[in-house]
Amino acid sequence: MSKDKDKGSVDPNRRAVVIGGAAAVAGVAAGIVIGGNAFPRLLKETVIEKQPEIVTKTETVTKTVQVQQTYQKQLIANYNSLSVGKPVTTSYMGYTITVVRTGVKSIGGVGPNGDVVAFSNVCVHMGGPVQYDPTTNCGVCPYHYSQYDFTRGGMQVMGHPNQFLPQVILEYDSNTGNIYALGFNRLLYGVYDNIAQASPESS
C-alpha cells in the first residue's frame with residue numbers, strides 16, 4: 001500500500017527541479033526577447049537617396065554700348081597776339097600743333113579776316129616735323145620735302161603724302177579775341193583714335 005502511495009505521489013524535490021528548470025528555460029526565452037528589444041542590433045545599410053541638385057550658372061553676356069567721345073575745347077591762342085607769317089607752336093590734347101595767320105582768307109580759317117589756321121605739325125608721310133614756310137604759306141617736312149598748303153585746308157602739294165595734313169577745327173570769340181581748338185578734321189599720323197590716345201593730362 002505504501003508502494004501505491006509512492007506511485008501516485010510526486011517527489012517534492014523532483015517537482016522543484018522540474019519547475020526550476022522550466023522557469024529557467026522561460027527566463028532565458030524571455031531574456032532573449034526582452035534583451036533583443038532592449039539592445040537591438042546595429043545594422044549598417046547604405047541607402048542611396050536622390051536629392052535635387054541646385055546648380056548656379058553664371059553667364060557673361062557681352063553688351064554693346066555706344067559711348068560718345070568728344071574732343072575737348074581748349075584755348076590755344078589769342079588773335080591779337082598773332083602776327084602774319086609768324087607761327088606759334090603749342091599743344092592741343094597732348095598733340096603738337098602749329099597756329100598761324102596766313103594773311104589771306106584760308107579754308108577753315110577764323111578771326112576777323114578768316115586767316116587764322118592750325119594744323120598738326122606731324123607729317124602724314126613718315127611722321128617728320130612740319131615747319132611753316134611764310135613765303136609759300138605751306139607746311140614743309142624737312143625729311144622728304146613734303147609740302148601742305150595751309151590756305152587750302154592742308155592739301156598736299158608736293159612730295160610723298162597721299163592725304164591732307166590734319167587740320168584743327170577752330171572757334172573764334174570776337175569779344176575776347178580768343179581762339180579755341182575744338183578737334184581735328186582727320187586722323188593724326190601714327191594714331192588710331194585721336195581722342196582715346198590724347199594725353200591724360202590734357203583731356
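Preceding this paragraph is the structure being described.
A short tour of the structure in this document, coming up. This one's a predicted model, so the numbers in the text were calculated from it and none came from an experiment.

1. Side note on the environment of Gly 103
- Position of Gly 103 among the secondary structure elements: in the loop between strand S3 (95–101) and strand S4 (116–120).
- Gly 103 sits in the partly exposed class, given a relative accessible area of 42%.
- When near neighbours in sequence (up to four residues on either side) are disregarded, Gly 103 contacts Val 84 and Asp 115.

2. What to know about the sheet that holds strand S1 (residues 74–78)
- The strand order across the open sheet built from three strands is S1-S10-S9, with neighbouring strands paired in antiparallel fashion. At either margin of the open sheet sits one strand with a lone partner, and together these are S1 and strand S9 (168–172). Taken over all neighbouring pairs, the strand axes of this sheet differ in orientation by 40 degrees on average, direction set aside.
- When S1 meets strand S10 (residues 178–184), the two strands line up antiparallel, connected through four bridges. Its bridge partner lying in S10, Leu 75 is registered against Tyr 180.

3. Some details on the pairing of S10
- Most of S10 sits inside the fold, with six of its seven residues counted as buried.
- Where S9 and S10 come together, five bridges link them in antiparallel fashion. For Glu 171, the partnering residue across the bridge sits in S10 and is Tyr 180.
- The turn linking S9 back onto S10 is made up of five residues, and Gly 177 within it adopts a positive phi angle of 85 degrees.

Parameters at a glance
- Residues numbered from 1 in each chain as written.
- Predicted model: local features only at pLDDT ≥ 70, side-chain atom pairs only at ≥ 80, totals over all residues.
- Heavy atoms only, no water.
- Helix = DSSP H or I, 4+ residues; strand = E, 2+ residues; numbered from the N terminus.
- Buried < 20%, exposed > 50% of the residue type's maximum accessible area, 1.4 Å probe, protein only.
- Contact = heavy atoms within 4.5 Å.
- Pairing = 2+ DSSP bridges.
- Axes fitted to C-alpha atoms, helices over the stretch in contact; angles between N-to-C directions.

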